[in-house]
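# Structural description and commentary
These are the residues of each chain, in order.
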Amino acid sequence: MSFLKDLNVSPPETKCSDKKCPFHGNVRIRGSVLEGVVVSDRMRNTVIVMREYLQYVQKYKRYMRKRSRIPSHNPPCIAARTGDRVIIGESRPLSKTVHFVVLGKVK
Ligand SMILES: [Zn+2]
């Protein structure tokens, strides 16, 4: 896969028949690629990825710590679990709230 070349992930070893899998389905990655930690894997084929980042606040000339939680599709061939550090890529909307796909665990 072309988008994997400069990413810190390896393609999955097992195959899956998930249509929303970026490797074996028909989901293309476009837009942003982010890194985060899985904080919830309680849904079927979906995980919550949390990202922490700093945002500059001009008024106080300091950085504010922010976090965001991004629901991401978790194909069975990758099967990310809570605590895993993962790379996610933006895709077309896969459901009402999901428009990111887990591309793999960080090596
Ligand atoms: Zn797959």
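Use the structure listed above.
Our subject in this report is the structure included herewith.

Cut-offs applied
Sequence order sets the numbering: in each chain, residues are counted from 1 along the sequence as written. Reporting in this predicted model follows two pLDDT cut-offs: at least 70 for local features of residues, and 80 or more for side-chain atom pairs to be given and counted; totals over whole chains, interfaces and linings ignore these cut-offs and use all residues. Counting from the N terminus, the helices are DSSP H or I runs at least four residues long and the strands are E runs at least two residues long. Partly exposed residues are those whose C-beta has more than 12 but fewer than 20 other C-beta atoms within 10 Å; with 20 or more the residue is buried, with 12 or fewer it is exposed, and the C-beta atoms are placed from the backbone. Whether two residues are in contact depends on their C-beta atoms, placed from the backbone: they are in contact if these lie within 7 Å. Only buried Ala, Val, Leu, Ile, Met, Phe, Trp, Tyr and Cys residues enter a nonpolar core, and they are joined through C-beta atoms within 7 Å.

The subject of this paragraph is the overall build of the protein chain. Across its full length, the protein chain holds zero helices and five strands. Mapped in sequence order, the helices and strands of the protein chain form the string β-β-β-β-β. Counting only C-alpha atoms and orienting by the principal axes, one finds that the protein chain spans roughly 50 × 30 × 25 Å. For the protein chain, with 107 residues in total, the buried portion stands at 21%. Nonlocal contacts in the protein chain, meaning residues at least 24 apart in sequence, comprise 55% of its contacts between residues at least 6 apart.

Below, the discussion takes up the nonpolar core. Counting residues in each nonpolar core, the largest one holds 13 residues, and the members touching the most others are Ala80, Val86, Ile88, Val101 and Val102. Elements supplying a minimum of two residues to this core: strand S2 (46–57), strand S4 (85–90) and strand S5 (100–105). Once residues within four sequence positions are removed from consideration, Ala80 is found in contact with Val38, Asp41, Val47, Asn74, Val86, Val102 and Lys105.

Now for unusual backbone geometry. Positive phi outside glycine occurs at Asn45, with the angle close to 60 degrees. Here Asn45 lies in the loop between strand S1 (33–43) and S2. Owing to 19 C-beta atoms within 10 Å, Asn45 belongs among the partly exposed residues under this scheme.

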